[in-house]
Each structure stands twice: as C-alpha cells, then as structure tokens.
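# Structural description and commentary
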Amino acid sequence: MEIPACQAVPLETIWTDEHPITPMNPALYPRLVAVETTSFCSAKCVFCPNDTLKRGKRHMTDELFESIIEQCREFPLPAIEPFLQGDPFSDPKILPRLEMIHKRLPKTKLRVYTNGYGLLPDRVDAITEFNIDHLFISLNTTDAERYKSVMGLNLERTLKNLRYLTDPIRRHRVARQITVRMVRVLDTSLEEQEKFLALCKELDVKPFISGLFNYKGDIQSNLPIPNYPCEHMDRLDILSNGMVTLCCMDQDGEFSWGDVNKQPILEVYRGSVASKYREMHWSGRRNEIHPCDTCNLFWPGLQGLPLLKRARFGIQAGLYFIRHRPTGKKAPQLVPAAALVPPRT
C-alpha cells in the first residue's frame, strides 16, 4: 500500500465516536518514546543488524536530545527508553542524559536496555541516583566461547558487572526491576537455556528468553508473521539523527514517520504516515502494508482498542504464542548461530 507524505491529521479524523478522546488516547499520545542517544554498540550480535547499518553511526547531538526531552514534558508520557539500535553505555554522555530524563520527566518511567558490557561499577553507582524503573540486560548465554561468537565480547567482564549491580548492598537502588535477557538463536541448546536460568536464579533477577525477530527479513528467523496489531503502533522511536523510524525493526529508518529536527514530536506521531499504519494494524490489515507484511515482531498492541477488537486480537495473539512459543525455553533447531549474520552490503 502507498503511504502518503507526512502531514498533520486533524484530531477529529484520527479518532471516531467509537474511541473517546482522553489524555491517554493512543491515537493522540504515545505510551512510550524511545530515543536512540547513540547508534554505536560494543557488541556485534549475530542476530542484530547494528553492525550493518546503512545510515552510519553517530551520537545524538545535545541540542536534539534536550529538545526531545523538553517536548516530552508537554504531554502525558508513561515511559521513556534511551535505546534503539545502539547500546546506551556506548554513549559517552549517557549519564548526564539519564540525569536529565530523571529530573525533567519525574513522573515518566525510565527503562534502560543494555548488553551490560559498558555498565562498569562506577556507572552502576552513578545510575542509582536516576530512579530507573526497569533495567534490562541482554546476556544471551553463560558460556564464554559462545558469548564471544554470538556477541563478540568478553563474558568475564560482563558477569563481573552483573554481580556488582545485583549485590544486595545496592541492587534495590539500581532499578526497581532487573531483567536479564537471552535471545534464543536457532541452535541454542536446552542445556544452555537451563544454565542461563540458573544464573538468573543465583543473581535473583528475572530471566527472560525470547525467540528471534527477523528485522523485516534481514535476519533469519523461523517465527511466522503475526496477523494481529503490533505493539509499535502507539510508541515513537527516534533515531540518533532525528528521524522517527517506523519501529525498532526498521533499523535504518527507511519507513520513516517524520523528522523531529523539522517537526514537533506530536505532529509526527499524529501525522498521516503514522495514522495510516495504525489504521491498517488496528483494523486487522497488518499483512496489507509494507514492511509489516514481512516482519515477525510478535508483541501485540491492544491498548486503547475497543473491547471486541481487543478480545479478537488477544485471542489471535494467544494462539500464536501457544502454537509457536516465541518466548521461554524451546528445543534448538540445529542451525548454527553464524548462519544468522546479516548480509553485508
């Protein structure tokens, strides 16, 4: 389907009588803003396209970052994440930026995603001042050789960081919740998954095991494309260059909703491009709009939909999870992790 050029859509055309206009109406305000403060990352994960970004890598400018945070103060924002394609702790200015978020958006939940490699003890001590709601750490394996081949990093350093931040002396000040993640690549053994779960139990953190996303077909994954709405329709993902990308799967911003260097955040969010994507997803026509018709991101987006639609799409999502088991332990499919490396162009 052709998507029109981005332009503001009158509010009365975004929401009908079926959906009352409220402060948290998902057609008016995003439930989450993700800000890519940097597109650099210390890891070279085989299941991530970061190493082959076509747009190049950069840190977000101070002016742009502050403008985004200031605009986020103008509307009710439930959550913010300083993360998309890069690792936040590859940003040399991440600590003052986290402090800015904490001070200027005190009612907004701050969630931080990282591979943990750059989360050294001095940085752990620093983030205890920022009231982080949820810290997610992508570990992916507890085997040193496997970690090196999958992520390109030294496991010993990351584990040392993990043990420091989960020490009972400070863990309650690091974040309200700490989740350690494993991406289950196609050859991840059940034994490897059990060892990961055992480490999480030892560290007293919440474990999470996820299957592979295919990044619109750029990464090999056996999970099929869902037919229910995606969770990215009511969030805003801002790249380090200011482009608002369709979602985290649109790593180069090829399907952009707009540019916050030139447009206010809410104008982009309510624009014709974003509205068209929402319309297609929320009407059950995800498979008719590109690139969503090629993407297997399996998290459903049901917030704010009418009751009958929530029930219908919720059943579809439930059946998908039962049938395909995209999260949790799952037997391997005997495809080497190296086969997941995206093609270089």
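On a predicted model such as this, the values are computed, not experimentally measured, just so you know.

With that settled, the discussion passes to the overall build of the chain. From N to C terminus, the chain includes eleven helices and nine strands. The buried share of the chain, taken over its 345 residues, is 54%. Of the contacts made within the chain by residues no fewer than 6 positions apart, 74% connect residues no fewer than 24 positions apart. Accessible surface, the chain: about 15300 Å² in total, of which carbon and sulfur atoms supply 54%.

At 3.6 residues per turn, the α-helix brings residues three or four places apart onto the same side. Buried within helix α2 (residues 62–72) we find L64, F65, I68, I69, Q71 and C72. Angular distribution of buried residues about the axis of α2 spans 165°; they occupy a single face of the element. On its buried face, α2 sits against β1 (32–35), β2 (79–81), α3 (94–104), β7 (235–238) and α9 (265–269).

So, on to the sheet that holds β1. Pairing in this open sheet of nine strands is mixed, and the strands run β6-β5-β4-β3-β2-β1-β7-β8-β9 from one edge to the other. Of all the strands in the sheet, just β6 (206–210) and β9 (258–259) have a single pairing partner and so form its edges. Summarising the sheet, β1 and β7 pair through four bridges and their orientation is parallel. Looking at β7, one finds that L32 is bridged to R235. The strands that helix α8 (residues 190–203) touches are β5 (177–183) and β6; relative to β6, the one it contacts most, it runs at about 155°.

This paragraph deals with the state of the cysteines. This structure, assessed with the given rule, holds zero disulfides. Note on C45: no disulfide assigned, nearest cysteine sulfur contributed by C48 at a separation of 6.1 Å. No disulfide involves C295; its nearest neighbouring cysteine sulfur is the one of C247, lying 5.5 Å away. Take C295: its relative accessible area is 7%, and that puts it in the buried class.

A cluster of nonpolar side chains, I315, L319 and I322, forms an exposed patch at the surface whose accessible area comes to about 340 Å². Within the secondary structure, I322 sits in helix α11 (residues 307–324). For I322, a relative accessible area of 66% corresponds to the exposed category.

Moving on, we get to the packing of α2 against α3. Look at α2 against α3: their axes get within 10 Å of each other, and the N-to-C directions meet at 20°. Accordingly, the angle class assigned to the pair α2 and α3 is roughly parallel. Considering how the two elements wind past one another, α2 and α3 form a crossing that is right-handed. Two secondary-structure elements touch here, α2 through D62, F65, E66, I69 and E70 and α3 through R97, M100, I101 and R104.

This part covers the pattern of salt bridges. Inspection of the entire model under this criterion finds 23 salt bridges. Between K329 and E194 there is a salt bridge, with its nearest N and O atoms 2.3 Å apart. In this pair, K329 is assigned in the segment after α11 and E194 in helix α8, connecting sequence segments 135 residues apart. Using a relative accessible area of 40% as the deciding quantity, one classes E194 as partly exposed. For R235, the salt bridge is made with E231, and the minimal N-O distance between the two is 3.7 Å.

Quick look at the pairing of β7 now. Going residue by residue along β7, you find R235 and D237 tucked away on one face and L236 and I238 tucked away on the opposite face as well. Pairing geometry for β7 and strand β8 (residues 243–245), over two bridges, is antiparallel. From the neighbouring strand, I238 faces β8, where its bridge partner is V244. Taken together, β7 and the strand that follows it, β8, pair antiparallel across an intervening segment of four residues, in which G242 is found at a positive phi of about 95°.

Put simply, the chain has an average pLDDT of 89, and 90% of its residues get 70 or more. Below pLDDT 50 for its whole length, residues 1–23 participates in 49 contacts with residues either more than four positions away or in separate chains. For the stretch residues 337–345, pLDDT sits under 50, and the model shows 24 contacts to residues farther than four places along the chain or on other chains.

Procedures and definitions
- Residues numbered from 1 in each chain as written.
- Predicted model: local features only at pLDDT ≥ 70, side-chain atom pairs only at ≥ 80, totals over all residues.
- Heavy atoms only, no water.
- Helix = DSSP H or I, 4+ residues; strand = E, 2+ residues; numbered from the N terminus.
- Buried < 20%, exposed > 50% of the residue type's maximum accessible area, 1.4 Å probe, protein only.
- Contact = heavy atoms within 4.5 Å.
- Areas by Shrake-Rupley, 256 points an atom, 1.4 Å probe, with all protein chains shown as cover.
- Arc of directions from axis to C-beta.
- Pairing = 2+ DSSP bridges.
- Axes fitted to C-alpha atoms, helices over the stretch in contact; angles between N-to-C directions.
- Disulfide = S-S within 2.5 Å.
- Patch = residues over 30% accessible without salt bridge, like charges linked within 9 Å, V, L, I, M, F, W, Y side chains within 5 Å.
- Salt bridge = Lys/Arg side-chain N within 4 Å of Asp/Glu carboxyl O.
- Parallel < 35°, antiparallel > 145°, perpendicular 65-115°, else oblique.
- Left-handed = near helix turned anticlockwise from the far one by under 90°.
- pLDDT = per-residue confidence, 0-100.

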